[in-house]
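Structure assessment
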Amino acid sequence: MESQKPLSERYADQIAHVLIEALPYIRRFRGKTLVIKYGGNAMVDDALKHSFARDVVLLKLVGINPVVVHGGGPQIGHLLERLGKTSRFVAGMRVTDRETMDVVEMVLGGLVNKEIVNLLNQHGGHAVGLTGKDGGLIRARKIVLKPRDPAVDASEIIDLGHVGEVESIDPAVVDMLVHGDFIPVIAPIGVGEDGVSYNINADLVAGKLAQVLQAEKLILLTNTRGVLGKDGELLTGLTAAEVEKLIADGTISGGMIPKIRCALDAIAGGVRSVHIIDGRIEHAVLLELFTDRGIGTLLGGKA
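Residues numbered from 1 in each chain as written. Predicted model: local features only at pLDDT ≥ 70, side-chain atom pairs only at ≥ 80, totals over all residues. Heavy atoms only, no water.

Looking at an unreviewed UniProt entry, one finds the protein named Acetylglutamate kinase and attributed to Methylomarinovum caldicuralii. You can read under Sequence similarities (unreviewed entry) in the UniProt record for the protein the words "Belongs to the acetylglutamate kinase family. ArgB subfamily." Turning to the protein, the UniProt record has this under Function (unreviewed entry): "Catalyzes the ATP-dependent phosphorylation of N-acetyl-L-glutamate." (UniProt positions renumbered as here; feature names shortened; annotations may be inferred.)

When pLDDT is averaged along the protein, the result is 90, and 93% of the positions lie at 70 or above. Residue range residues 149-154 is modelled with pLDDT below 50. Its contacts to residues more than four positions away, or to other chains, number three contacts. (pLDDT = per-residue confidence, 0-100. Contact = heavy atoms within 4.5 Å.)

Examined against the element boundaries, Ile-281 turns out to sit in the loop between strand S14 (273-278) and helix H9 (284-290). Setting aside anything within four residues of it in sequence, one finds Ile-281 in contact with Leu-48, Leu-287 and Ile-295. (Helix = DSSP H or I, 4+ residues; strand = E, 2+ residues; numbered from the N terminus.)

Turning our attention to the pattern of salt bridges. Applying the stated criterion to the full structure yields 11 salt bridges. With its nearest N and O atoms 2.9 Å apart, the salt bridge here joins Asp-97 to Lys-85. Residue Asp-97 is found in the loop between strand S4 (93-94) and helix H4 (98-122), and its partner Lys-85 is found in the loop between helix H3 (73-82) and strand S3 (89-90); the two are separated by 12 residues along the sequence. Asp-97 gets classed as partly exposed once you look at its relative accessible area, which sits at 34%. In this structure, Lys-85 engages Glu-99 in a salt bridge whose closest nitrogen and oxygen atoms are separated by 3.2 Å. With a gap of 14 residues between them, Lys-85 in the loop between H3 and S3 and Glu-99 in helix H4 connect regions that are remote in the sequence. Judged by relative accessible area, Lys-85 falls into the partly exposed class, the value being 22%. (Salt bridge = Lys/Arg side-chain N within 4 Å of Asp/Glu carboxyl O. Buried < 20%, exposed > 50% of the residue type's maximum accessible area, 1.4 Å probe, protein only.)

Here it is in structure tokens:
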């Protein structure tokens, strides 16, 4: 047996405290499903990628059922740029013609999805990659935008191409994987009734999937600390009514509004709570779930 360097008394006490603090949370969430939307810096920084993979594998090993939904916007943009194709956005959504959709499927369903699967398996998990096209998981419909300018004919529409929203989710394939002790990793690509593929916002897919699975929690990894007050303080323990007030007075604005709407829809659909956390922090998922204080914004329930 290799000789081990003894722990200092203080360090040993700290480790024991962390484990004891985590125990009631592990007990409470054992057997529960967590849907985790994985995106932002956590997907591009090597240390953060490995940190995230370890977190998810640990969740599975202690009896919790994580389901990962991932984005990949920067990776799509980078490949399009290399191919000499300019990205155009309308209302924050990438205009996606047929050629761009081919790239989206290649990046999301191939490169990004398989990298995440590989990382999870590297760290001792059993992950399986899916798109919404597998097993009829995500039925999509095309998003149609009408111009907001009243001077423009309302009959005119803005065609975003292969950009969709979730029409319905059939969780059978996800349930099969979860009960088979696998970690599903899902790329947000759906298919319409006509067989056309659609790129869907990963937050929306994660939120709808959490509702259908009746998940205990929806966790959204972001590039911010969470919902911030006007003085920059982190806000947490928010109810739906409090969130609406924060939107009305401008405290919550910009890109945080769609995430918040996604969170509120999930809670209204039966998800117990939603966490918006900073994916730039190593082991953010574990710190949010298994510590008394957490690190992000909690909406709609108890930690």
